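What follows is each chain in one-letter form.
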Amino acid sequence: MQNRITELFNIKYPLIQAGMIWASGWKLASAVSNNGGLGIIGAGSMYPEILRVHIQKCKKATDKPFAVNVPMLYPDIDKIIEIIIEEGVQIVFTSAGNPKTWTKHLQSHGIKVVHVVSSVKFALKSQEAGVDAVVAEGFEAGGHNGREETTTFTLIPMVKEQLDIPLIAAGGIATGRGMLAAMVLGADAVQIGSRFVASSEASSHQNFKNKVVEAKEGDTQLTLKELAPVRMLKNKFFNQIQNLYQTAPTKEELISLLGRARAKKGMFEGDMEDGELEIGQISGLIHEIKPAADIIQEIISEFEIAKQEVANF
Ligand SMILES: Cc1cc2nc3c(=O)[nH]c(=O)nc-3n(C[C@H](O)[C@H](O)[C@H](O)COP(=O)(O)O)c2cc1C
């Protein structure tokens, strides 16, 4: 299964485990990398020195390539970039910001840079900024999301039509069939988030993992568009947001309801009522918590079976 992405990252399968706040620490990233994918440590929920510890543990746990995801909307970015360079990380996925800000600096230290976008316009901006590859993430995805509501099924071929550099599809992919579909649409690889939240190695709270497994079609929704659009499970906190919307709230009122550390409260501390539970639409297809190795094996064997079925059409 060799292509531009497996060669770029020196990995076995074109399968990337998404960087995710409160879910993807060194345990998950190293397990994925040890099993042929690319594991990513999510720096967005880590103080800089905590990130350093995760990188060091990941280096001890795997001799395979792994990456760090840096959402640029969080504080301490300068320090985080410094640590990434000091610790010799070789691949960085940036998101939620301008791809021009850090790409050249990171590349000047021999680091490969991938930027996450949710539109054709920003995919092209990323290419212009000189990134090595782009992740195009559709509206189905868990976590922070684009305002345009472009789904993966439409976004990938539209980005593919204009982009020259390698393209990674994200949003709504959790199975081998989903992976094959994304690659048929033009992706060189897939980035998978929600499926890996329900893995044994994810650092998310057990309550959250159980909720993901229980989730059915229609249980998530994108909200808080005025702040930073985010897809989450419909729980008490989500209903409070919807009730507030009935009163045509100001941005300040929304910020005040969101408060501080909502995501940590839900996904890390396990408060299923008042916490923010970021997950994708594909949670409706996730039925079991499993080790990352099993998740990857299942996806790859289903991918091969589906490819064979398609060849027989
Ligand atoms: C719990 C959770 C946390 C996330 N945190 C981040 C993050 O810190 N940075 C980022 O770029 N994307 C983040 N995302 C988005 C993922 O990186 C990925 O693109 C997305 O999950 C793919 O869609 P899927 O959930 O349908 O697989 C998060 C997603 C989830 C589910």
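Numbering of residues starts from 1 in every chain and runs along the sequence as written. Whole-chain, interface and lining totals are the exception, using all residues; otherwise, since this is a predicted model, local features are given only for residues with pLDDT of at least 70 and side-chain atom pairs are given and counted only at 80 or more. Processing note: side-chain calculations cover all non-hydrogen atoms of the structure and skip hydrogens and water entirely.

Strand order in this open sheet of 3 strands is E7-E11-E10, and the pairing throughout is antiparallel. A strand with exactly one partner marks an edge of an open sheet, and here the two such strands are strand E7 (143-144) and strand E10 (220-223). The pairing of E10 with strand E11 (residues 230-233) spans 4 bridges and is antiparallel. What sits directly across from Thr220, in E11, is Leu233. Any two strands between which DSSP finds at least two bridges are classified as paired. Here a helix means four or more residues in a row that DSSP labels H or I, a strand means two or more in a row labelled E, and each is numbered from the N terminus.

All right, on to the domain arrangement of the protein then. An automatic or database domain assignment provides the domain bounds reported here. For the protein, the domain assignment lists domain 1 (4-203 + 285-311) and domain 2 (206-282). Centre-to-centre separation of domain 1 and domain 2, based on C-alpha positions: 23 Å. A contact between two residues is defined here by any heavy atoms of the two lying within 4.5 Å. Contacts between the two partners involve 26 residues from domain 1 and, on the opposite side, 23 residues from domain 2. Salt bridge, as used here: a side-chain nitrogen of Lys or Arg that lies within 4 Å of a carboxyl oxygen of Asp or Glu. Across the contact surface, domain 1 and domain 2 share 1 salt bridge. Measuring nitrogen to oxygen at the nearest pair gives 2.7 Å for the salt bridge that ties Glu149 to Lys225. Under the rule applied, a polar contact is a pair of N or O atoms within 3.5 Å (in protein, one hydrogen donor and one hydrogen acceptor; residues adjacent in sequence only if both atoms are side-chain atoms). There are 15 residue pairs in polar contact (both at pLDDT 80 or more) connecting domain 1 and domain 2. Listed by contribution, the elements that provide at least two residues to the side of domain 1 that touches domain 2 are E7 and helix H9 (194-197). Residue composition of the side of domain 1 that touches domain 2, grouped by class: 11 nonpolar, 11 polar and 4 charged. Polarity classes work like this: nonpolar for Ala, Val, Leu, Ile, Met, Phe, Trp, Tyr, Cys and Pro, charged for Asp, Glu, Lys and Arg, and polar for all others, with Gly in that last group.

Okay, the site of the ligand next. Being near a molecule or strand, for a residue, comes down to having at least one heavy atom within 4 Å of it. The local shell around the ligand holds 21 residues, among which Asn69, Ser95, Glu137, Gly172 and Ser194 are the closest. In the environment of the ligand, an oxygen atom lies 2.7 Å from a nitrogen or oxygen atom belonging to the side chain of Ser95. Within the side chain of Ser194, an N or O atom sits 2.6 Å from an oxygen atom of the ligand. Notes on the ligand: free accessible area 600 Å², of which the protein chains cover 96%. Among the domains, domain 1 (4-203 + 285-311) and domain 2 (206-282) are the pair contributing at least three residues each to the shell around the ligand. Methods summary: accessible areas were calculated by the Shrake-Rupley approach with a probe of 1.4 Å, and residue burial reflects only the protein chains presented.

Mapped onto the fold, Leu167 is located in strand E8 (residues 167-170). Each C-alpha atom of the pair Leu167 and Arg52 lies 29 Å from the other, and the pair is 115 residues apart in sequence. Each residue touching Leu167, except ones within four places of it in the same chain, is listed here: Arg4, Val134, Ala136, Ile156, Val159, Lys160, Gly186, Ala187, Asp188 and Ala189.

What follows concerns the packing of aromatic side chains. Pairing of aromatic rings covers Phe, Tyr and the six-membered ring of Trp, with a centre-to-centre limit of 6.5 Å; geometry is then stacked below 30 degrees between planes, edge-to-face above 60, and tilted otherwise. Tallied over the entire structure, the rule returns 2 aromatic pairs. Aromatic pair Phe9 and Phe93: ring centres 6.0 Å apart, planes at 40 degrees, arrangement tilted. Taken together, the residues span a long stretch of sequence, with Phe9 in helix H1 (residues 4-9) and Phe93 in strand E4 (residues 91-95) at a distance of 84 residues. Look at Trp22 and Phe268: their rings are 4.9 Å apart centre to centre, the planes differ by 40 degrees, and that puts the pair in the tilted class. Of this pair, Trp22 sits in the loop between strand E1 (15-17) and helix H2 (26-34) while Phe268 is found in helix H13 (residues 262-268), placing the two residues 246 residues apart along the sequence.

Quick look at the sheet that holds strand E2 (residues 39-42) now. Taken in spatial order, the 8 strands of this open sheet run E1-E9-E8-E6-E5-E4-E3-E2, and their pairing is parallel. The sheet terminates laterally at E1 and E2, the two strands that pair on one side only. With direction set aside, neighbouring strand axes in the sheet form an average angle of 25 degrees. Lines fitted to the C-alpha atoms define the axes, with helices restricted to the stretch that makes contact. Angles between their N-to-C directions range from 0 to 180 degrees. Helix H4 (residues 77-86) contacts strand E3 (66-71) and E4 of the sheet and is inclined by roughly 170 degrees relative to E3. Relative to the sheet, helix H6 (residues 120-129) contacts strand E5 (112-117) and strand E6 (133-137), its axis offset from that of E5 by approximately 165 degrees.

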